[in-house]
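# Tertiary structure, described
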Amino acid sequence: MVLRNQRLKSRDGLLVQLWQDDQIGWGEVAPLPGFSQESLEQAQQATLHALAQWSQGASLSAVASAFSALPSVAFGLSMADAELRRQLPAEVSLHSAPLCHGDPDELYSRLGALPGDGNGNKVAKVKVGLYEAVGDGLNVTMLLEALPDLHLRLDANRSWAPAKAAAFARYVAPELRSRIAFIEEPCTTREQSLEFARDTGIAIAWDESVREKGFEVHAEPGLVAIIIKPTLIGSLTRCRELIAQSHRAGLVAVISSSIESSLGLNQLARMAAWLTPDVVPGLDTLDLMQAQLVRRWPDSPLPLIAEDQLEPIWHA
Ligand SMILES: [Mg+2]
């Protein structure tokens, strides 16, 4: 696939497995090219260093929190630690917002069959900003008109100048706009995105902004949600802090994937069921893969790469 203008042919990462007494904890350390600051090589070095410290008795959650500059490492290690200490509940979030793409007929039937959330609303996600803004507006209108219980999360990845964002909104009738749950980062700057929300009544969410230096969660007019991508954010402690801050500010926190394996997605679904139980997480990325890894994702037909097929890198 193409991610931020670079081709990604394989998704590379590390799995960590901890043993202590009769407990096992897994974690996934998989920096996402084009999004993570750290390379896989840096992540691997830091992971091995942390595991060596842990095997000598250091607290892994403390070690993980110290890797704030290497979020994928902090996240993977803290999840392995949370599983080991039975802190991460086993219950998984049952729903995930499906990503809308492909053939419209197939899409309508898939969305038609989608279960509702706690309020009976269907939630799906559409990427916008890749082609013409007008086309995006027409497409969103078509989906919302075809399915009256559908609510859409849109993601523009900061791709619109204010004029393009306005062109998009012109093609979405005002009475449909309330069923756009939010649009993630419509414009290049936060100020422009807030202005867009004010001018159009379409709610927005922060995603890229959350990972910027000095970002603080606070309520702003038109802002309704904060997207939390743990692989890009850091330790479980840091993620929980952001979720709590979002809730205090009256914002929805949406746990979302950074194209993790089925093992990582499984843990994110458990995190979502635990920390954001009323919100549908954004985890519909497994169909980009050719196989599942160690743990199965519910109903996925993909073959499973088992533990004994992994390439061992280090062993205590
Ligand atoms: Mg986004």
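Since we're looking at a predicted model, the values are computed, not measured. (Residues numbered from 1 in each chain as written. Predicted model: local features only at pLDDT ≥ 70, side-chain atom pairs only at ≥ 80, totals over all residues. Heavy atoms only, no water.)

This brings us to the overall build of the protein. Scanning the protein for helices and strands turns up 10 helices and 12 strands. Relative to the globule expectation of 20 Å for 316 residues, the C-alpha radius of gyration of the protein, 20 Å, shows essentially globular dimensions. Seen through its C-alpha atoms, the protein measures out along the principal axes to roughly 60 × 40 × 35 Å. Looking at the protein as a whole, 51% of its 316 residues qualify as buried. Once local pairs closer than 6 in sequence are excluded, the contacts in the protein between residues at least 24 apart make up 65%. Surface accessibility of the protein: about 15,300 Å² in total, with carbon and sulfur atoms responsible for 51%. In the protein, 27 positive and 38 negative side-chain charges are present, and the distance between their average locations comes to 3 Å. (Helix = DSSP H or I, 4+ residues; strand = E, 2+ residues; numbered from the N terminus. Rg over C-alpha atoms; globule rule 2.2 N^0.38 Å. Buried < 20%, exposed > 50% of the residue type's maximum accessible area, 1.4 Å probe, protein only. Contact = heavy atoms within 4.5 Å. Areas by Shrake-Rupley, 256 points an atom, 1.4 Å probe, with all protein chains shown as cover. Lys, Arg positive; Asp, Glu negative; His and termini not counted. Charge placed at Lys NZ, Arg CZ, Asp CG, Glu CD.)

Our focus in this paragraph is the UniProt feature "binding site: Mg(2+)" (unreviewed entry) in the protein. In the UniProt entry, the feature "binding site: Mg(2+)" (unreviewed entry) is given for Asp155, Glu184 and Asp207. Spatially, the listed residues are clustered: although they cover 53 residues, their C-alpha atoms lie within 9.1 Å of one another. With respect to the secondary-structure elements, Glu184 resides in strand β7 (residues 180-184). The contact partners of Glu184, leaving out residues within four places of it in the chain, are Lys125, Leu154, Asp155, Ala156, Asn157, Ala205, Asp207 and Ile227. Side chain to side chain, Glu184 and Lys125 meet in a polar contact 3.1 Å long. Tracing the sequence through the fold places Asp207 in the loop between β8 (204-206) and β9 (223-228). (UniProt positions renumbered as here; feature names shortened; annotations may be inferred. Polar contact = N/O pair within 3.5 Å; in protein donor to acceptor, adjacent residues only side chain to side chain.)

With that settled, the discussion passes to the coordination of the magnesium ion. For the magnesium ion, the full set of protein donor atoms is Asp155 (OD), Glu184 (OE) and Asp207 (OD), and the range of their distances to it is 2.0 to 2.3 Å. Mapped onto the sequence, the residues coordinating the magnesium ion show the spacing D-x28-E-x22-D. Of the two residues, Glu184 is situated in strand β7 and Asp207 in the loop between β8 and β9; the sequence distance between them amounts to 23 residues. (Donors = N, O, S within 2.8 Å, 3.2 Å for Na, K, Ca; no water.)

Each assigned domain of the protein is listed with its residue range as follows: domain 1 (2-88 + 302-309) and domain 2 (104-293). Between the C-alpha centres of domain 1 and domain 2 there is a distance of 26 Å. Taking both partners together, domain 1 and domain 2 bury about 2,400 Å²; carbon and sulfur atoms supply 64% of that area. Among the residues domain 1 hides against domain 2, the three largest losses belong to Glu28, Phe75 and Leu302. Together they make up 26% of the total. Inspection of the domain 1/domain 2 interface yields 1 salt bridge. Of the charged contacts in the structure, one is a salt bridge between Glu83 and Arg270, with a shortest N-O distance of 2.8 Å. Counting across the domain 1 and domain 2 interface gives 13 residue pairs in polar contact (both at pLDDT 80 or more). (Domains from an automatic or database assignment. Buried area = accessible area lost by both parts, 1.4 Å probe. Salt bridge = Lys/Arg side-chain N within 4 Å of Asp/Glu carboxyl O.)

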